[in-house]
Amino acid sequence: MSTYFPRPRTALRAVVTLTALLAAGISSASDAIPRLANGKPDFSGIWQTTSAADYDLEPHAGRVDAPSGAGVVEGHYIPYLPEAIAKRRENFENRLTKDPRLKCWTLGTPRGIYYPAPFQIFQRPRDLTIVFQFGHSVRTIHTNNTRHQDERDRGYWLGDSRGHWEGDTLVVDVVDFYDEVWLDRSGNYHSTDLHVVERWTFLDANTIEYRATLEDPQVYSRPWTLSVILHRHREKNFQLVEDYCFTLPYEEHYPPRPPQQQAPVASREAR
Amino acid sequence: MRLVIRNTIHATMASILAGLLPTVIHAQQAASPGSGLSRRETTVPVIARGEWTGPRLADGQPDVSGHWSNTIGNHNSFEDPQGGGRATGPRQARAPSRVSDPADGRIPYQPWARAAQHAFAANFNNPTEPWQIEPLARCAPGGVPKSFYWHGYEIRQYPGYVLLLFTPGTRIIHLDGKPHLPENVKLWNADSRGRWEGNTLIVDVRNNNSKALFGREGDFASENVHIEERYIFSNDGKRYNYVATFTDPTVYTRPWTATIPARRYTEADEAVRHGWDYETQPANHDGPELIHEREERICVENNGPFGGGAVGVPLDGPIISR
């Protein structure tokens, strides 16, 4: 008898082990994402989209100044109010000279996230700090249970960002914007009344789904949502290389040079 | 044209700075709340390198995160931090030079470089050429080392990184041992590789474009400068000294060392949104504790009158084609 009993036990043990493995396999999908010591997803890293979102959020065929793209707007089109569509058309006509990015102005929220340059997230339990390579501007997303400032007159380039966690999704409420900002190179825009709700969710350890819902009663007839995928930079020794950009017109004048090298413009070109 | 001033350099501060001589600026600082009384210290505390006995972060770094500001003046003068061109009274009554070596407190310039510094200082108040304009007046980053005696700043720490958030400018100090950028890449905030030894953060600084200059008297380095920084923190967490050795055979006759004292600011200090040392505001929340938070700092216009129409971010017209 003793020789019989082990068999079913062994079989049972195998089933139990298999079940445990399956359970581990299922849970590893969520366990595999990086987490802070407090268990929250850890978005630390250098990220960038591969989408054509910054060229035009809406679907578009290829043109002189933009590669083709299927668009990143849910429902394809931004629901402009009738009185707002004229400004969007005017922006589009003047896009090669009027896009604020061409003046190296801070790109704003959400544009900085899908602009085709890397940004780095530094994360602590109390906040996430985003440093953008373009312009080297800094955005703080507070995750310490603080609310927006009561005064909404600051006109921030990147907004007043307050985040909280819904499961493993970081939900960020952003208000108090400056309005001389475009959403893309094609002239999509918003007003100071913009209200953004972002949702940041890991798809896997190296991929984030970024969704942003934009509400702006001065410009849009209803809230609308865009979505892009962000990829982690994993190249060896990859780092941000500051790109202040707006300093370019005067960089050649500094610093003073030794007498034999006092031809700053020429020396720059020679390099 | 609409005047665009966003949060970083507020109109109030612009008006304080605009057109006032250095000595008057000091008087203004002392007269407004939170605006620089601490910058009137006339001595530099001695903080020895040694063990760190204070709190640590989970990754083992000494926890020095928070707000800091220098204690002996601003960027009017590097070698006479509370002086500048119009200072009166005995030199000994003011804080010592930021140059701690050599002992005479002077940057050991080569003759051509001292002449260039003098030329900048002579034209500062009435610039007629682009090179005579202090880059801060154009919203340029403060760079190394000017960022440490301009506005207060925040240190945030992470595994592998120390982040320095200045007004204006940001430095990412890499602690993970990756190599410097190739030497032809020159940056306003340079390229920083750091490590902790006891109470001291040691940072190797290369790739500095040196375009920021050191302040209103035009002190400077070249793009060949190598800077070794030591941030020496006191174990009570209240002070640190920035001690940096500058080596640059293009500009100097010998390596020299700067010492810049700083103190910490916390919720025990007054938050002043548009002050100098501790530019924060109380956070809006339900908890009983006071939380001071830093605002977005993006400079659009700064110190216009210095430099005859100098502005930072261009208001009209493209400057890039990418």
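What you see is a predicted model; the values in this text were computed from it and never measured. (Residues numbered from 1 in each chain as written. Chains lettered and ligands numbered in written order. Predicted model: local features only at pLDDT ≥ 70, side-chain atom pairs only at ≥ 80, totals over all residues.)

### Details of the overall build of chain B
- Within chain B one finds 3 helices and 12 strands.
- Residues classed as buried in chain B amount to 46% of the 322 residues present.
- Contacts in chain B between residues at least 24 apart in sequence constitute 59% of all its contacts with a sequence separation of at least 6. (Helix = DSSP H or I, 4+ residues; strand = E, 2+ residues; numbered from the N terminus. Buried ≥ 20, exposed ≤ 12 C-beta atoms within 10 Å, placed from the backbone. Contact = placed C-beta atoms within 7 Å.)

### Some points on the nonpolar core
- Core analysis: the largest hydrophobic core is formed by 110 residues, its most contacted members being Ile208, Tyr210 and Val228 of chain A together with Leu164 and Tyr242 of chain B.
- If one sorts the elements of this core by residue count, strand E9 (residues 239-247) of chain B sits on top with 5 residues.
- Those residues in contact with tyrosine 242 of chain B that lie beyond four places of it in its chain are Phe148, Glu229, Tyr231, Ile260 and Ala262 of chain B. (Core = buried A, V, L, I, M, F, W, Y, C linked by C-beta atoms within 7 Å.)

### Topic: the sheet that holds strand E4 (residues 138-142) of chain A
Residues and elements named next belong to chain A.
- What the 9 strands build is a closed barrel, ordered E1-E2-E3-E4-E5-E6-E7-E8-E9; its pairing is mixed. Shown here is a sheet whose adjacent strand axes are inclined to one another by a mean of 30 degrees, direction ignored.
- Strand direction decides the pairing type here: strand E1 (residues 45-49) and strand E2 (residues 119-124), joined by 3 bridges, are antiparallel. Paired with tryptophan 47 across the bridge in E2 is phenylalanine 119. (Pairing = 2+ DSSP bridges. Axes fitted to C-alpha atoms, helices over the stretch in contact; angles between N-to-C directions.)

### Thoughts on the interface of chain A and chain B
- The interface of chain A with chain B comprises 49 residues on the first partner and 49 residues on the second.
- In terms of residues, the side of chain A that touches chain B owes the most to one element, E4 of chain A, which gives 3 residues.
- For the side of chain A that touches chain B, the residue count by class is 24 nonpolar, 18 polar and 7 charged. (Nonpolar A, V, L, I, M, F, W, Y, C, P; charged D, E, K, R; others polar.)

### Examining the pairing of strand E8 (residues 226-233) of chain B
Residue and element names in this part refer to chain B.
- In terms of strand pairing, strand E7 (residues 200-206) meets E8 through 6 bridges, oriented antiparallel. The residue of E8 that forms the bridge with valine 203 is glutamate 229.
- Note: E8 against E9, 8 bridges, orientation antiparallel. Within E9, the position partnered with isoleucine 227 by the bridge is phenylalanine 246.
- Between E8 and E9, which pair antiparallel and follow one another directly, the connecting turn spans 5 residues, one of which, glycine 237, has a positive phi of 75 degrees.

### Some words on the confidence of the model for chain B
All names here are of chain B.
- Counting all residues, the mean pLDDT for chain B is 86, and 84% of those residues have values of 70 or more.
- pLDDT under 50 marks residues 1-36. Its contacts with residues more than four places away, or in other chains, come to 74 contacts.
- This complex was scored by the predictor with a pTM of 0.89 and an ipTM of 0.89. (pLDDT = per-residue confidence, 0-100.)

### Considering unusual backbone geometry
All names here are of chain B.
- Here valine 144 and proline 145 are connected by a cis peptide whose omega angle stands at 5 degrees.
- On the secondary structure map, proline 145 appears in the loop between helix H3 (111-123) and strand E3 (153-158).
- In this model, threonine 167 is joined to proline 168 through a cis peptide bond whose omega is -10 degrees.
- If you trace the backbone, proline 168 turns up in the loop between strand E4 (161-166) and strand E5 (169-174).
- In this structure, serine 210 is a non-glycine residue whose phi angle is positive, near 55 degrees.
- For serine 210, a count of 25 C-beta atoms within 10 Å corresponds to the buried category.

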